[in-house]
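# Close look at the chain arrangement
One-letter residues, chain by chain:
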Amino acid sequence: MAVALQFTLPERLAIHPVWLLPTLETALLIALVAANPYRIERGSALYRWAGLVLIAMISAANGWSAVHLVIGLVRGTEGNDAGPLLATGGSIWLTNVIVFALWYWEWDRGGPVARIHAVRTYTDFLFPQMQTPELAPEHWEPQFPDYLYLSFTNATAFSPTDVMPLTRWAKMLMLLQSVVSLLTVVLVVARAVNIFK
């Protein structure tokens, strides 16, 4: 979905050539799914690094778009029409939510494979089910939708809601996501409200 959202952005906000990065991301995603199609259980340094490279590519593309949108808004060269501006800002914001969910999912306790095999004792994020195990199934572990929820609530509330970051890297990553989200939302909405007729 994050790769598809890149195609919705205006060409001036994309890394050029426009087709190159989404094509590389799609090829890498297909290779990862083909290598491990059902459940991520096998530990492989190659798969892990390929997944991290994919997330980094999506992050770089979205960061590029967000920075150029903010620069354009500050200079007054972006946002002459409210509808397209809101659509562009919404695409960047939603991609931000998805990409940070992927980062949280991939780094919490060493990633999905490490979590399955209980490689690390201490968690990076404290989910409510961990605090009240009687309210969750036995041996509950967070899945990608749990990290997507964490990312969405952090991007909308600009702070943790029910999932608490415990390690410094988790706190810094949530801080970075909040900054990107705040800048995107505040500047895009402020400009859009300014030009509504």
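This section reports on the structure supplied with the text.

### Thoughts on the nonpolar core
Within the largest apolar cluster, 26 residues are counted, with the highest numbers of intra-cluster contacts made by Tyr-104, Phe-125, Tyr-147 and Leu-150. When contributions to this core are tallied by element, the ones reaching two or more residues are α1 (2–6), α3 (45–75), α4 (82–107), α7 (144–157) and α8 (168–195). Excluding its chain neighbours within four sequence positions, the residues that come into contact with Phe-125 are Tyr-104, Asp-108, Met-130, Tyr-147, Leu-150, Val-163, Met-164, Pro-165, Leu-166, Trp-169, Ala-170 and Met-174. Listed in part, the 11 residues of the second largest apolar core include Leu-9, Ala-82, Ile-92 and Ile-195.

### Some words on the pattern of salt bridges
For the structure shown, the criterion picks out three salt bridges. A salt bridge links Arg-12 to Glu-78, with the nearest nitrogen and oxygen atoms 2.6 Å apart. Within this pair, whereas Arg-12 is found in the loop between α1 and α2 (20–35), its partner Glu-78 is found in the loop between α3 and α4, the two being separated by 66 residues in sequence. Looking at Glu-78, the relative accessible area reads 7%, which means it is buried. A salt bridge links Arg-48 to Glu-106; the nearest nitrogen and oxygen atoms lie 2.3 Å apart. One end of the pair, Arg-48, is in helix α3; the other, Glu-106, is in helix α4, and 58 residues separate them in sequence.

### Notes on α3
For α3, spanning 31 residues, the distance from its first C-alpha to its last is 44 Å, which sits close to the expected 45 Å at 1.5 Å a residue. After α3 finishes, the residue Gly-76 shows a positive phi value of roughly 85°.

### Notes on the packing of α2 against α3
Their axes nearest at 10 Å, the elements α2 and α3 cross at an angle of 155°. Here α3 runs roughly antiparallel to α2, going by the angle between their axes. As α2 packs across α3, the resulting crossing turns out to be left-handed. Of the residues in α3, those touching α2 at Leu-21, Leu-24, Glu-25, Leu-28, Leu-29, Leu-32 and Ala-35 are Tyr-47, Ala-50, Gly-51, Val-53, Leu-54, Met-57, Ile-58 and Ala-61. Of the residues contributing to the contact of α2 with α3, the split by class is 13 nonpolar, one polar and one charged.

### Focus on the packing of α7 against α8
Packed helices, taken two at a time, are described by the angle their axes make and the gap between the axes. At a minimum axis separation of 8 Å, α7 and α8 run at an interaxial angle of 50°. The pairing of α7 with α8 is recorded here as oblique in orientation. Read as a crossing pair, α7 and α8 show a hand that is right-handed. Contacts between α7 and α8 involve Leu-150, Ser-151, Asn-154 and Ala-155 from the first element and Met-174, Gln-177, Ser-178 and Ser-181 from the second. Considered class by class, the residues forming the contact of α7 with α8 number three nonpolar, five polar and no charged.

Parameters at a glance
- Residues numbered from 1 in each chain as written.
- Predicted model: local features only at pLDDT ≥ 70, side-chain atom pairs only at ≥ 80, totals over all residues.
- Heavy atoms only, no water.
- Core = buried A, V, L, I, M, F, W, Y, C linked by side-chain atoms within 4.5 Å.
- Buried < 20%, exposed > 50% of the residue type's maximum accessible area, 1.4 Å probe, protein only.
- Helix = DSSP H or I, 4+ residues; strand = E, 2+ residues; numbered from the N terminus.
- Contact = heavy atoms within 4.5 Å.
- Salt bridge = Lys/Arg side-chain N within 4 Å of Asp/Glu carboxyl O.
- Expected span 1.5 Å × (residues − 1).
- Axes fitted to C-alpha atoms, helices over the stretch in contact; angles between N-to-C directions.
- Parallel < 35°, antiparallel > 145°, perpendicular 65-115°, else oblique.
- Left-handed = near helix turned anticlockwise from the far one by under 90°.
- Nonpolar A, V, L, I, M, F, W, Y, C, P; charged D, E, K, R; others polar.

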